[in-house]
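Listed here are the chains, written in short residue letters.
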Amino acid sequence: AEGAREAVRGIEVTAPMRTPQFRSDSVSDGLPGGVVYAATQDRRGNMWFGMSGGLVRYDGVSFKTFLHEAGNPDSLVGGNIYSLSVDSHDMLWIGGIDKGLSRYDPTTGDFRNWQHSDKDPASLSNDEVWATATTPDGRLWVATDAGLDRMNADRKGFTHVYGNVPGLRDLGAVRALHVEADGRMWLGTSTGIYLRQLDGRLQRVPVDPAFTAKLKI
């Protein structure tokens, strides 16, 4: 049997695996756009794709498209979907390129949105959301074009996290996040690479001097 182990003269070998087969789907198949910016998988096995123009779920059989509904503040954020992540409660967090942050609840099918407001200092720092990540303590972190935000426990606002690195005024645009199993978090920013320690300290990660190109993430 293909992929099964076989005994050949007392030696256990593995038969060759089948060559992967690729399938292509596009706008003609019902997708909302031709560019995919992000992809992730939820705990139910569904694949999610952030695209130009909307959000797509693939359950292994068919696609379902989610779009912004004009006049409905509880629908998906508008514009292009640039980042996706799933937390421990299977909530899907969606970052828009210029429309803010959305959360999709797979149990209710509802969206909830957060955006920047000049009148609210606890609102999202910027509506350009590059990445989201959840630390083991359940806190959501949001990488925006104006810095790093941590969602407050009440889900109503954000704490803006500033760099405490000597000689650094701010982190600049934060464009990538990666959380380690122990809760430490890596940040890729327009001013360099940083590691956030468990006590909240930010440590600048030195770059090899041999790397002479301008570092910009």
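Our structure's up above, just so we're on the same page.
These figures come from a predicted structure and were not determined experimentally. (Residues numbered from 1 in each chain as written. Predicted model: local features only at pLDDT ≥ 70, side-chain atom pairs only at ≥ 80, totals over all residues. Heavy atoms only, no water.)

## Overview of the pairing of strand 8 (residues 92–96)
In terms of residue burial, strand 8 counts as a mostly covered element, since five of its five residues are buried. What you see with strand 8 is no split at all: Leu-92, Ile-94 and Gly-96 on one side and Trp-93 and Gly-95 on the other are buried throughout. Across five bridges, strand 7 (residues 81–86) lies against strand 8 in antiparallel orientation. Paired with Ile-81 across the bridge in strand 8 is Gly-96. Pairing analysis gives four bridges linking strand 8 to strand 9 (residues 101–105), with the strands arranged antiparallel. Paired with Ile-94 across the two strands is Ser-102, which belongs to strand 9. (Buried < 20%, exposed > 50% of the residue type's maximum accessible area, 1.4 Å probe, protein only. Helix = DSSP H or I, 4+ residues; strand = E, 2+ residues; numbered from the N terminus. Pairing = 2+ DSSP bridges.)

## Some thoughts on the packing of aromatic side chains
Within the structure shown, the criterion is met by nine aromatic pairs. Ring geometry for Phe-66 and Phe-111: centres 5.8 Å apart, planes at 75°, overall edge-to-face. With Phe-66 in strand 6 (residues 63–66) and Phe-111 in strand 10 (residues 110–114), the pair connects residues that are 45 residues apart, well separated along the chain. Of the two residues, Phe-66 and Phe-111, both sit in the buried class. For the cation-ring pair, Lys-64 lies above Phe-66, with the distance from its terminal atom to the ring centre recorded as 5.3 Å. (Phe/Tyr/Trp six-rings, centres within 6.5 Å; stacked < 30°, edge-to-face > 60°. Lys NZ or Arg CZ within 6 Å of the ring centre and 35° of its normal.)

## Focus on the nonpolar core
Counting 13 residues, the largest nonpolar core has Trp-141, Leu-148, Leu-171, Val-174, Leu-177, Met-185 and Leu-187 as its most contacted members. If you list the elements that add at least two residues to this core, you get strand 11 (129–134), strand 12 (140–144), strand 15 (174–179) and strand 16 (185–189). For Leu-148, the residues in contact, after removing those within four places along its chain, are Trp-141, Val-142, Thr-159, His-160, Val-161, Leu-171, Val-174, Leu-177, Met-185 and Leu-187. Leu-55, Leu-84, Leu-92 and Phe-111 belong to the second-largest nonpolar core, a separate cluster that totals 12 residues. (Core = buried A, V, L, I, M, F, W, Y, C linked by side-chain atoms within 4.5 Å. Contact = heavy atoms within 4.5 Å.)

## Quick word on the sheet that holds strand 6
Strand pairing in a sheet is mediated by backbone hydrogen bonds. Such pairs are either parallel or antiparallel. If you walk across this open sheet you meet the four strands as 3-4-5-6, and the pairing is antiparallel. A strand with exactly one partner marks an edge of an open sheet, and here the two such strands are strand 3 (36–41) and strand 6. Strand-to-strand twist in this sheet, taken as the mean axis angle between neighbours without regard to direction, amounts to 20°. Both strand 5 (residues 54–58) and strand 6 contribute to a ladder of four bridges, which runs antiparallel. Residue Val-56 lies in a different strand from strand 6, and its bridge partner there is Thr-65. (Axes fitted to C-alpha atoms, helices over the stretch in contact; angles between N-to-C directions.)

No statement about biological role is implied by the geometric values presented.
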